[in-house]
Amino acid sequence: MRTRTATVILALLFGVTGLHRIYLGDKASGGAFFAGFIVCLILSLFGMGSWSFAMLGMIALADAINFMSMSEQAFNERFNHVEIT
């Protein structure tokens, strides 16, 4: 069972790689995050990576804030497919 706390921690620590999205089972957006991370690494070889890493980091931070603001019930219904009555 996925937890909201683990998701927030993954988003804050490894969010630019998309690990938090893969953890949630969203392989499409997790893969998009990871592809963006690889592009950022390549761009950093040419001195253009810092702004792109910052953009990925801001998106991951927004994800973390979104998950923190969700109630436990809403998180479980959306990501664990558990209906709590």
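Before reading further, recall that the structure is shown in the block above.
Residues numbered from 1 in each chain as written. Predicted model: local features only at pLDDT ≥ 70, side-chain atom pairs only at ≥ 80, totals over all residues. Heavy atoms only, no water.

At a minimum axis distance of 8 Å, the contact between helix 3 (residues 27-45) and helix 4 (residues 49-69) shows a crossing angle of 155 degrees. Classified by the angle their axes make, helix 3 and helix 4 are roughly antiparallel. In this structure, helix 3 crosses over helix 4, and the sense of that crossing is left-handed. In this structure, helix 3 uses Phe 33, Gly 36, Phe 37, Cys 40, Leu 41, Leu 43 and Ser 44 to contact helix 4, whose residues at the interface are Gly 49, Trp 51, Ser 52, Phe 53, Leu 56, Ile 59, Ala 60 and Asp 63. Grouping the constituent residues of the contact of helix 3 with helix 4 by class yields ten nonpolar, four polar and one charged. (Axes fitted to C-alpha atoms, helices over the stretch in contact; angles between N-to-C directions. Helix = DSSP H or I, 4+ residues; strand = E, 2+ residues; numbered from the N terminus. Parallel < 35°, antiparallel > 145°, perpendicular 65-115°, else oblique. Left-handed = near helix turned anticlockwise from the far one by under 90°. Contact = heavy atoms within 4.5 Å. Nonpolar A, V, L, I, M, F, W, Y, C, P; charged D, E, K, R; others polar.)

To continue, consider the nonpolar core. Of all hydrophobic cores here, the largest spans six residues; its members are Val 8, Leu 24, Phe 67, Met 70, Phe 75 and Phe 79. Excluding anything up to four places from it in sequence, Phe 67 contacts Arg 4, Thr 7, Val 8, His 20, Arg 21, Leu 24, Phe 75 and Phe 79. Judged by nonpolar contacts, the second largest core, of five residues, contains Phe 33, Phe 37, Cys 40 and Ala 60. (Core = buried A, V, L, I, M, F, W, Y, C linked by side-chain atoms within 4.5 Å. Buried < 20%, exposed > 50% of the residue type's maximum accessible area, 1.4 Å probe, protein only.)

Here we come to the packing of aromatic side chains. Where two aromatic rings form a pair, the distance of their centres and the angle of their planes describe that pair. If you walk through the whole model with that rule in mind, you get five aromatic pairs. Considering the side-chain rings of Phe 67 and Phe 75, the 6.4 Å spacing of their centres and the 90 degrees angle between planes classify their relative orientation as edge-to-face. Centroid distance Phe 67 to Phe 79: 5.7 Å. Interplanar angle 80 degrees. Geometry classified as edge-to-face. Note that Phe 67 is positioned in helix 4 and Phe 79 in helix 5 (residues 72-80), a separation of twelve residues in sequence. Residue Phe 67 shares its accessibility class with Phe 79, and that shared class is buried. Taken together through their ring pairs, the aromatic side chains of Phe 34, Phe 37 and Phe 53 make up a single cluster. (Phe/Tyr/Trp six-rings, centres within 6.5 Å; stacked < 30°, edge-to-face > 60°.)

Another point: the packing of helix 1 (residues 4-14) against helix 4. With their axes 8 Å apart at the nearest point, helix 1 and helix 4 run at an angle of 165 degrees to one another. Judged by the angle between their axes, helix 1 and helix 4 are roughly antiparallel. The chirality of how helix 1 crosses helix 4 is left-handed. For the pair formed by helix 1 and helix 4, the contact residues are Arg 4, Thr 7, Val 8, Ala 11 and Leu 12 on the first element and Ala 60, Leu 61, Ala 64, Phe 67 and Met 68 on the second.

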